[in-house]
Amino acid sequence: MKQIKGGFTLLMAAMLLLSSCIGVRADISLRPDGSGTLALEYRLSRMLEALGKLDGNERWLPVPLGKADFERTQERIPGLRLLSFASKEDDLDQYHQVKLEFSDPGVLVRFLDATGQRASLVQEQGRYRLILTFTEGRVKADQDMLALLSAVSEGYELQVKVSFPAEGSLRVYDREGSSWDTLPGIRVLPQGKGVSFMAPLGAVLTHNQGLYMELGW
């Protein structure tokens, strides 16, 4: 059995942990040779930008926003290539769209997790298993804080879609191993050449037992 571990720089875990004012969508498309593309869309509340300015940190928000951030990541990770970048904003939100190409699943893992703590890839007998940790949950829940997180994340969503070259699977569960499939507002397509997971961001942020996703192909 071969195990590959990487670290996180840019994607969903940091966004979810740093602010509830973000909506995230990730579309992963895998080819038969292991290469593929990752299309990211994220919606960032202007409220978070204002908080950054109060800290005297106007140019450096706590999540990657600019094209230069992704260009630096491309230079740092061999096998990763930035295909496109676009952004726009309105009175309430900023919108960013990024498309990346990776040469193999190990490169994807190194992009998803630069700390080695939130993504792991296991290859065994020609099959892959990718496990992602989005949130680890909270040991003690402050009900007022949970209510605030639920309120400010209203209208934001976490979406993950994966296209496999053959039959694949997706499973979402918490720290206790309980499936997320039955929670209110959760939509899961767990099996096939295309799988997906969609959840209100508030449900992710306020679930005490965390969120884990396992992809198999």
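Right above here is the structure, for reference.
Because the structure is a prediction, the values reported are computed rather than measured. (Residues numbered from 1 in each chain as written. Predicted model: local features only at pLDDT ≥ 70, side-chain atom pairs only at ≥ 80, totals over all residues. Heavy atoms only, no water.)

## With respect to the nonpolar core
The biggest cluster of nonpolar side chains holds 41 residues, and the ones touching the most others in it are Leu 38, Phe 111, Leu 130, Phe 197 and Leu 215. It is strand E8 (residues 157-173) that contributes the most residues to this core, 6 residues altogether. Sequence-distant contacts of Phe 197, that is, excluding residues within four places in its chain, are made with Leu 158, Gln 159, Val 160, Leu 170, Val 172, Trp 180, Ile 186, Arg 187, Val 188, Leu 211 and Met 213. (Core = buried A, V, L, I, M, F, W, Y, C linked by side-chain atoms within 4.5 Å. Buried < 20%, exposed > 50% of the residue type's maximum accessible area, 1.4 Å probe, protein only. Helix = DSSP H or I, 4+ residues; strand = E, 2+ residues; numbered from the N terminus. Contact = heavy atoms within 4.5 Å.)

## Quick notes on the side chain of Glu 101
Looking at the element boundaries, Glu 101 is found in strand E5 (residues 93-102). A distance of 2.7 Å separates the side chain of Glu 101 from the side chain of Arg 81, its partner in a polar contact. Excluding residues within four positions of it along the chain, Glu 101 makes contact with Arg 31, Gly 36, Thr 37, Gly 79, Leu 80, Arg 81 and Leu 83. (Polar contact = N/O pair within 3.5 Å; in protein donor to acceptor, adjacent residues only side chain to side chain.)

## Side note on helix H4 (residues 105-112)
Burial within H4 is extensive, with 7 of its 8 residues counted as buried. Inspection of H4 places Pro 105, Gly 106, Val 107, Leu 108, Val 109, Phe 111 and Leu 112 among the buried residues, and these make up the whole buried set. With a side-chain oxygen positioned 2.9 Å from the backbone nitrogen of Gly 106, the residue opening H4 is Asp 104.

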